[in-house]
Amino acid sequence: KKSKEAIDSKLAGANARARRRREAQAAALARDSASILAAGGNPHEVVRRREEEARRLREREEAKARLKAHALRLGARMLKEERKYQSQRAAALRAKAQAKAFLEDFSRATREARADGYMQARTAAGVAIVDPTRRLDVLHPSTHAVVKTREFGRAVGATDERVIDQVAAKHPGAEA
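## Some details on the overall build of the chain
And then number 1: Helix and strand content of the chain: five helices and zero strands.
And then number 2: Beginning at the N terminus, the succession of helices and strands in the chain can be written as α-α-α-α-α.
And then number 3: Taken across its 176 residues, the chain has 7% of its residues classed as buried.
And then number 4: Put simply, 12% of the contacts in the chain that link residues at least 6 apart link residues at least 24 apart.

## Remarks on helix α5 (residues 161-170)
Working note: α-helix, 3.6 residues per turn, so residues spaced by three or four point in the same direction.
And then number 1: Among the residues making up α5, those that are buried are Val163, Gln166 and Val167. Taken around the axis of α5, the buried residues stretch over an arc of 95°, which confines them to a single face. In α5, those exposed residues whose orientation departs by more than 90 degrees from the buried face are Glu161 and Ala169.
And then number 2: Residues of α5 that are buried in the fold lie against α3 (108-122).

## Structural notes on a nonpolar patch on the surface
And then number 1: Taken together, the side chains of Phe102, Leu103 and Phe106 make up a nonpolar region of the molecular surface, amounting to roughly 360 Å² of accessible area.
And then number 2: Along the chain, the position of phenylalanine 106 falls in the loop between α2 (43-105) and α3.

## Considerations on the environment of glutamate 59
And then number 1: Within the secondary structure, glutamate 59 sits in helix α2.
And then number 2: Judged by relative accessible area, which is 40%, glutamate 59 ranks as partly exposed.
And then number 3: Separated by 2.6 Å, the side chains of glutamate 59 and arginine 55 make a polar contact.

## Notes on the confidence of the model for the chain
And then number 1: Confidence in the prediction of the chain, expressed as mean pLDDT, is 84, and 89% of residues score 70 or more.
And then number 2: Ranking the helices and strands of the chain by mean pLDDT puts α2 first, with 94, and helix α4 (residues 141-144) last, with 70.

## A closer look at the packing of helix α1 (residues 2-38) against α2
Axis angle and axis distance: for two packed helices, these are the angle between their axes and the distance between the axes, and together they describe the pair.
And then number 1: Contact pair α1 / α2: the axes reach a minimum separation of 9 Å and the direction vectors enclose 125°. Viewed along their axes, α1 and α2 adopt a mutual orientation that is oblique. Pair α1 / α2 crosses with right-handed handedness. Contact residues: Gln25, Leu29, Asp32, Ser33, Ile36 and Leu37 in α1; Pro43, His44, Val46, Val47, Arg50 and Glu51 in α2.

## Digging into the pattern of salt bridges
And then number 1: Taken as a whole and assessed by the stated rule, the structure comprises nine salt bridges.
And then number 2: When the shortest N-O distance is used, the salt bridge between glutamate 59 and arginine 55 registers 2.6 Å. Here arginine 55 and glutamate 59 lie together in helix α2, a separation of four residues that amounts to about one turn.
And then number 3: Bridged by salt links that share partners, the residues Glu52, Glu53, Arg55, Arg56 and Glu59 form one connected network.

Calculation rules
- Residues numbered from 1 in each chain as written.
- Predicted model: local features only at pLDDT ≥ 70, side-chain atom pairs only at ≥ 80, totals over all residues.
- Heavy atoms only, no water.
- Helix = DSSP H or I, 4+ residues; strand = E, 2+ residues; numbered from the N terminus.
- Buried < 20%, exposed > 50% of the residue type's maximum accessible area, 1.4 Å probe, protein only.
- Contact = heavy atoms within 4.5 Å.
- Arc of directions from axis to C-beta.
- Patch = residues over 30% accessible without salt bridge, like charges linked within 9 Å, V, L, I, M, F, W, Y side chains within 5 Å.
- Areas by Shrake-Rupley, 256 points an atom, 1.4 Å probe, with all protein chains shown as cover.
- Salt bridge = Lys/Arg side-chain N within 4 Å of Asp/Glu carboxyl O.
- Polar contact = N/O pair within 3.5 Å; in protein donor to acceptor, adjacent residues only side chain to side chain.
- pLDDT = per-residue confidence, 0-100.
- Axes fitted to C-alpha atoms, helices over the stretch in contact; angles between N-to-C directions.
- Parallel < 35°, antiparallel > 145°, perpendicular 65-115°, else oblique.
- Left-handed = near helix turned anticlockwise from the far one by under 90°.

See the structure below:
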């Protein structure tokens, strides 16, 4: 029942506004008809021309408003599409970089560089290959490798200076 009453009140208000508008138009016609007739014109034609001009003006303003709204919607859609394109492009670039890093990570050159770095970090001379020319008859690992013994860090016995240098290189802030 409340919704019906609300609808009825809205209709009554709209009808009252329309009636007032028609009455105002009739009053304007009555006011102006004497001067229009005195000038030799047709009052109904003048009113019809004014109404047509008002209708054209109203339609022009509505068209401008529609165009403006459409331009705003189009701009918003273009911004949304641009953001989507940029995110897709960034994802594709990340995927490409990951694939490249993966391939580089398992390439022969990378594996060899890792092995060389490992050997250089653990050999006393800091070389990747200990005896490439095979001039040494016997290789003793203790003479070519730098390895921490169990006495290291316990202040027991003499510690090889090479081990101390190697540890100092790995931990630059540490003190002996």
